[in-house]
Amino acid sequence: MTVQGSENSSRRGRRSPTMGGMPLNDMPWWRWRSNVRSALHMLSDPGFQQSVWLAGAEGYGDVTDAVYRLVEDTWLDSWSAEKYVGTIFRDSQEAALVDTAVLRVLRIMHQVGPDAPVSVYMENPGWPDAVRAARDAHVRLAVADGDDPDAPPRTLQLLQIMTRSA
């Protein structure tokens, strides 16, 4: 028996329609992918962290919000992203990059505490490695979704609108 793939399958190099640049329904659990991508984006951008998180700007949450968005639905704090290849992540390389970022960020969160101010996270000696790992994962996912990895992070309100309206 031969199983035919969807005409919009990402494996065939075609993308479904987009909203705000992000393919819709391209991955079965694209809402979870959107949350993971949002968190990785914020965790990977030192300029954003300085100008938004350290400055206390509204609309983006804080570092703890980003960490929870990264792991809350996916349970990536309990098991590997490899479990989600084909549903949230396109391939094992995406999953491996996400796992590395999650482990580095969670290690710091466990050291400083979940309610620590962003400055405490940023002063941690492991923070540059965590940011670099988040950047590697963010770039891979953004490019795979046809987005510019260097565009500024979206607000949480826009993320909510995007994930609710499709």
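Because the structure is predicted, anything quoted here is derived from the model rather than measured.

Q: What should I look at first to understand the overall build of the protein chain in this one?
A: From N to C terminus, the protein chain includes 7 helices and 2 strands. The proportion of buried residues among the 166 residues of the protein chain is 44%. Taking as baseline every contact in the protein chain between residues at least 6 positions apart, the subset at least 24 positions apart corresponds to 65%. Carbon together with sulfur atoms contributes 52% to the accessible area of the protein chain, which is approximately 8,700 Å² in total.

Q: I would appreciate a short explanation of the packing of helix α1 (residues 30-43) against helix α3 (residues 63-71) in the present structure.
A: Each pair of packed helices gets described by two things: the angle between the helix axes and the distance between those axes. Packing of α1 against α3 brings their axes to within 8 Å, and their N-to-C directions diverge by 145°. The interaxial crossing formed by α1 with α3 has left-handed handedness. Two secondary-structure elements touch here, α1 through N35, V36, S38, A39, L40, M42 and L43 and α3 through V63, A66, R69 and L70. Classifying every residue of the contact of α1 with α3 gives 8 nonpolar, 2 polar and 1 charged.

Q: Explain the side chain of Q49 to me, please; I cannot follow it from the model alone.
A: Its location among the elements puts Q49 in helix α2 (residues 46-54). Note on Q49: relative accessible area 1%, which makes it buried. Once you skip the residues sitting within four places of it in the chain, Q49 turns out to touch M42, L43, S44, L54, M122, W127 and V131.

Q: Is there a simple way to explain the packing of aromatic side chains in this structure?
A: The description of two aromatic rings rests on the distance between their centres and on the angle between their planes. Tallied over the full model, the rule gives 7 aromatic pairs. Taking 5.7 Å as the distance between ring centres and 15° as the angle between the ring planes, the aromatic pair formed by W75 and W79 counts as stacked. Through a chain of ring-to-ring contacts, three or more aromatic side chains come together here, namely W29, W32 and Y84.

Q: Please explain empty space enclosed by the protein as it appears in this structure.
A: The gaps of empty space that remain are located by a probe, the size of a water molecule, rolled over the atoms. Applying the stated criterion to the full structure yields 3 cavities of 30 Å³ or more. A volume near 120 Å³ is recorded for the largest cavity. In terms of lining residues, the largest cavity is bounded by 10 residues, among which S34, R37, S38, H41 and R154 are the most central. Only α1 and α7 (156-164) provide two or more residues apiece to the lining of the largest cavity. Counting residues per element, the lining of the largest cavity draws most heavily on α1, which supplies 4 residues. For the lining of the largest cavity, the class distribution of residues is 4 nonpolar, 4 polar and 2 charged.

Q: What is the right way to look at α3 in this model?
A: Residues spaced three or four apart along an α-helix point in a common direction, a consequence of the helix completing one turn every 3.6 residues. With 7 of 9 residues buried, α3 is to be regarded as a mostly interior element. Three or more residues of α3 are buried, namely V63, T64, A66, V67, R69, L70 and V71. Summarising the contacts, the buried residues of α3 are in contact with α1, α2, α4 (92-112), α5 (118-123), α6 (127-144) and α7. Where α3 begins, the side chain of D62 points an oxygen toward the backbone nitrogen of T64, at a separation of 3.1 Å.

What counts, and at which threshold
- Residues numbered from 1 in each chain as written.
- Predicted model: local features only at pLDDT ≥ 70, side-chain atom pairs only at ≥ 80, totals over all residues.
- Heavy atoms only, no water.
- Helix = DSSP H or I, 4+ residues; strand = E, 2+ residues; numbered from the N terminus.
- Buried < 20%, exposed > 50% of the residue type's maximum accessible area, 1.4 Å probe, protein only.
- Contact = heavy atoms within 4.5 Å.
- Areas by Shrake-Rupley, 256 points an atom, 1.4 Å probe, with all protein chains shown as cover.
- Axes fitted to C-alpha atoms, helices over the stretch in contact; angles between N-to-C directions.
- Left-handed = near helix turned anticlockwise from the far one by under 90°.
- Nonpolar A, V, L, I, M, F, W, Y, C, P; charged D, E, K, R; others polar.
- Phe/Tyr/Trp six-rings, centres within 6.5 Å; stacked < 30°, edge-to-face > 60°.
- 1 Å grid on protein atoms, 1.4 Å probe; cavity = no way out; pocket = protein on both sides within 12 Å on 5 of 7 lines; lining within 4 Å.
- Points joined across faces, edges and corners; volume = space filled by probe spheres on them.
- Polar contact = N/O pair within 3.5 Å; in protein donor to acceptor, adjacent residues only side chain to side chain.

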